[in-house]
Amino acid sequence: MRVSATLGAMVMLVATATTLAAPGTAHAAVTGLVRVDQAGFLPADTKQAYLMTSGAVSGETFAVVSSSGSTVLTGNVGSTSRGSWNSGYPDVYPMDFSGLSAAGTYHIQVSGAVTASSPSFAVESADSLFGKLVSDGVSFFQAHRDGQDVIAGPLNRQASHLNDTAANVYAIPRF
């Protein structure tokens, strides 16, 4: 009877240990995203991207890859987190790739305990990078202009708010 009770206790202990070590109970793998300025960079700019991770990491490396698939620059991900992006990404690590100065389209790939890849970005002249952005900004503000001198533009705007200069100022209410 004693042998049977001891044997039963040993079977229970082994079953409990097996359950505790079962697959699926391990911690979730660290995941990551790479964020980079998608407007692009000038050749002589300081260039920085960020690895956002779901947990602390160390020893990651990165590669800047051209649109043809060639690695043009490698480096180490910063070893100290800059803090939290949000609750999903409590660690943010800098990656400096200022050594990249050749014009082209690139993306960044991170390797190590976490793997991640950035969206594509360009290294170009100021006219190439910002010309369309500035033009779009000017168009936006012209389309939303008020007063006598509106620009009709794609919205076919008409003069508006013509009496604003004669508007009465209201007394500040007392609370």
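Up top is the structure.
Parameters at a glance
Residues numbered from 1 in each chain as written. Predicted model: local features only at pLDDT ≥ 70, side-chain atom pairs only at ≥ 80, totals over all residues. Heavy atoms only, no water. Phe/Tyr/Trp six-rings, centres within 6.5 Å; stacked < 30°, edge-to-face > 60°. Helix = DSSP H or I, 4+ residues; strand = E, 2+ residues; numbered from the N terminus. Buried < 20%, exposed > 50% of the residue type's maximum accessible area, 1.4 Å probe, protein only. Pairing = 2+ DSSP bridges. Axes fitted to C-alpha atoms, helices over the stretch in contact; angles between N-to-C directions. Salt bridge = Lys/Arg side-chain N within 4 Å of Asp/Glu carboxyl O. Patch = residues over 30% accessible without salt bridge, like charges linked within 9 Å, V, L, I, M, F, W, Y side chains within 5 Å. Areas by Shrake-Rupley, 256 points an atom, 1.4 Å probe, with all protein chains shown as cover. Core = buried A, V, L, I, M, F, W, Y, C linked by side-chain atoms within 4.5 Å. Contact = heavy atoms within 4.5 Å.

1. Here's the deal with the packing of aromatic side chains
Counted under the stated rule, the structure contains five aromatic pairs. Taking 5.7 Å as the distance between ring centres and 85° as the angle between the ring planes, the aromatic pair formed by Phe 41 and Phe 121 counts as edge-to-face. Here the residue Phe 41 occupies a position in the loop between β1 (32–35) and β2 (48–53), and Phe 121 occupies one in strand β8 (residues 121–123), the gap between them amounting to 80 residues. Phe 121 carries the same exposure label as Phe 41, and that label is buried. Geometrically, the ring pair formed by Phe 97 and Phe 121 is tilted, given 5.3 Å between the ring centres and 50° between the ring planes. Of this pair, Phe 97 sits in the loop between β5 (91–96) and β6 (104–111) while Phe 121 sits in strand β8, and the two are 24 residues apart along the sequence. Overall, the relative accessible area of 2% leaves Phe 121 in the buried class. Put simply, the rings of Phe 41, Phe 97, Tyr 106 and Phe 121 pair up and form one aromatic cluster.

2. Re the sheet that holds β1
The three strands are arranged β1-β2-β5 in an open sheet whose pairing can be described as antiparallel. Strands at the two margins of the open sheet, each flanked by one partner only, are β1 and β5. Ignoring which end each strand starts from, the neighbouring axes of this sheet average 25° apart. Where β2 meets β5, six bridges bridge the pair, whose relative direction is antiparallel. Its bridge partner being in β5, Thr 53 is matched across the sheet by Asp 91.

3. Some details on the pattern of salt bridges
All chains considered together, the criterion is met by two salt bridges. For Arg 157, the salt bridge identified is with Asp 146, shortest N-O distance 2.9 Å. Residue Arg 157 is found in the segment after α2 (126–143), and its partner Asp 146 is found in the segment after α2; the two are separated by 11 residues along the sequence.

4. Remarks on a nonpolar patch on the surface
A surface patch of nonpolar side chains, about 340 Å² in accessible area, is lined by Phe 130, Leu 133, Val 134 and Val 138. Note that Val 134 resides in helix α2. Overall, the relative accessible area of 52% leaves Val 134 in the exposed class.

5. Observations regarding the nonpolar core
Grouped together as the largest cluster of nonpolar side chains are 20 residues, with contacts concentrated most on Leu 51, Met 95, Phe 97, Ile 108 and Phe 121. When residues of this core are traced back to their parent elements, those giving at least two are β2, β3 (61–66), β5, β6 and β8. If you tally residues by element for this core, the top one is β6, at three residues. Ignoring anything within four residues of it in the chain, the contact list for Leu 51 reads Gly 32, Leu 33, Val 34, Glu 60, Val 77, Asp 91, Val 92, Tyr 93, Met 95, Val 110, Val 114 and Ala 116.

6. Details of the side chain of Ser 118
For Ser 118, the location among the structural elements is in the loop between β7 (116–117) and β8. Setting aside its immediate chain neighbours within four residues, Ser 118 contacts Val 34, Val 36, His 107 and Ile 108.

7. Points about the environment of Val 114
Inspection of the secondary structure puts Val 114 in the loop between β6 and β7. Considered as a pair, Val 114 and Leu 51 are 63 residues apart in the sequence and their alpha carbons are 9.6 Å apart.

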